[in-house]
Amino acid sequence: MAVIYEILRWEEKAIIKSLRDLGISVIPHYIKAKPVFINGLSEDVPDLAIQRSISHYVAMESTIAFEAHGVRVVNNSMSTAICMDKLWTISLLAKNGIPTPKTAVVFSYEAAQEVANKFNYPLVVKPINGSWGRLISLIRDGEELRSIMEHRTYLPGMLSKAHLMQEYVRKPGRDIRVFVVGDEVPVAIYRINKHWITNTARGGKAIPARVDAELEEISLKAAKIVGGEILGIDVFEDPERGYLVNEINPIPEFKNTVAVTGYDLPRKIAEYLVSNVRQ
């Protein structure tokens, strides 16, 4: 079994250790040092691989390269592509009846003004592809909308050409990160912050979360819709509408989750991978 990575973080080390504890021969594949020959893997062709690269682009392309050789990668390239594109994710969820925040995509300041008129302030604007709460802005009035849209328009690169706009969900000072492994929801955390951005990478504090039947059901349905196997699903609690699925992470970090819950998520992931190795 291969573990594809760019940086050997705590999570990757824990997965490798858990796999080896289960008697699995593990190939740690440092993707920046080892080429993947499209006309054939030169050596050590794995039965299965788990994708753990940090860069969205590296994760996507290396998954495609491994799949070209018939290697099953968790998560697969289609699921990874869907989850890394926030618009694609929320569009599929909404189409399939999963409650989500009100969302629009705009390609100009003028279109953003129309969204503001329909959603009302405050609004959240964020890139379609991104993580760790980067380039997310809270817009409280028309002048902030003009300023932020002008700034985003002049950012270099294709990520600044489309803008995801969402209603500001008045969550109770927290959101929920739910972990899905196969057809189970083994653990979840609340991410708490006085700031409206609750990502632990941005100072949010993790504490154990209770997974009720409704949260489990909506998380498993969302995972099935995007075709993922090991996912981190971000859920908001709206005071009137209940659970809203906001984003899905195909390569979730979980060091803080293990620390605060005591749940052995690396072992759970390893056991799931072992159960899916082709015989």
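To start, this report covers the structure provided alongside it. Since we're looking at a predicted model, the values are computed, not measured. (Residues numbered from 1 in each chain as written. Predicted model: local features only at pLDDT ≥ 70, side-chain atom pairs only at ≥ 80, totals over all residues. Heavy atoms only, no water.)

Spatially, four strands are ordered 5-8-6-7 in an open sheet, and the strand pairing comes out antiparallel. The outermost strands of the open sheet, each flanked by one partner alone, are strand 5 (103–106) and strand 7 (137–139). Across the sheet, the mean angle from the axis of one strand to that of its neighbour is 30°, orientation sign disregarded. Judged from the four bridges that link them, strand 6 (residues 123–126) and strand 8 (residues 163–167) form a sheet pairing that is antiparallel. Residue pairing for strand 8: Val124 is matched across the bridge by Gln166. Helix 4 (residues 86–95) contacts strand 5, strand 6 and strand 8 of the sheet and is inclined by roughly 45° relative to strand 8. Helix-sheet contacts for helix 6 (residues 142–153) involve strand 5, strand 6, strand 7 and strand 8, and the interaxial angle to strand 7 is about 150°. (Pairing = 2+ DSSP bridges. Helix = DSSP H or I, 4+ residues; strand = E, 2+ residues; numbered from the N terminus. Axes fitted to C-alpha atoms, helices over the stretch in contact; angles between N-to-C directions. Contact = heavy atoms within 4.5 Å.)

Strands sit in the order 2-1-3-4 across an open sheet of four strands; the sheet is parallel. For this open sheet the edge positions go to strand 2 (27–30) and strand 4 (72–74), each flanked by a neighbour on one side alone. Ignoring strand direction, the axes of neighbouring strands in this sheet form an average angle of 25°. Alignment of strand 3 (residues 48–51) against strand 4, held across three bridges, turns out to be parallel. Bridging across to strand 4, Leu48 finds its partner in Arg72. Lying on the sheet, helix 1 (residues 10–21) is in contact with strand 1 (2–5), strand 2 and strand 3; it crosses strand 1 at an angle near 175°.

Within the element layout of this structure, Ser62 appears in helix 2 (residues 56–67). Ser62 sits in the buried class, given a relative accessible area of 6%. Polar side-chain contacts of Ser62 include one of 3.3 Å to the backbone oxygen of Ala59. In this structure Ser62 touches Ile4, Ile31, Gln51 and Ser53, once residues within four positions along its chain are discounted. (Buried < 20%, exposed > 50% of the residue type's maximum accessible area, 1.4 Å probe, protein only. Polar contact = N/O pair within 3.5 Å; in protein donor to acceptor, adjacent residues only side chain to side chain.)

The topology assignment puts Ser79 in helix 3 (residues 77–84). Ser79 sits in the buried class, given a relative accessible area of 1%. Within the structure, Ser79 has its side chain in polar contact with the backbone oxygen of Val226 (distance 3.1 Å). Setting aside its immediate chain neighbours within four residues, Ser79 contacts Val226, Gly227 and Gly228.

This brings us to the pattern of salt bridges. Taken as a whole and judged by the stated rule, the model has 21 salt bridges. Between Arg210 and Asp212 there is a salt bridge, and its shortest N-O distance comes to 3.8 Å. Using a relative accessible area of 18% as the deciding quantity, one classes Asp212 as buried. Several salt bridges share partner residues, and in doing so they unite Arg9, Glu12, Arg52 and Glu253 into one network. (Salt bridge = Lys/Arg side-chain N within 4 Å of Asp/Glu carboxyl O.)

The subject of this paragraph is the packing of aromatic side chains. Each aromatic ring pair is characterised by the separation of its centres together with the angle its planes make. Evaluation of the coordinates by the stated rule reveals two aromatic pairs. Ring plane angle 25° and centroid distance 5.6 Å describe the contact between Tyr5 and Tyr30, whose orientation is recorded as stacked. Pair noted here: Tyr5 is in strand 1 and Tyr30 is in strand 2, with a separation of 25 residues, a long-range link. Tyr30 sits in the partly exposed class, given a relative accessible area of 32%. Directly above the ring of Tyr190 sits Arg174, whose terminal nitrogen or CZ lies 3.8 Å from the centroid. Seen from the ring of Phe179, Arg177 lies directly overhead, with NZ or CZ sitting 6.0 Å from the centre. (Phe/Tyr/Trp six-rings, centres within 6.5 Å; stacked < 30°, edge-to-face > 60°. Lys NZ or Arg CZ within 6 Å of the ring centre and 35° of its normal.)

Remember that the coordinates give geometry; whether it matters functionally is a separate question.
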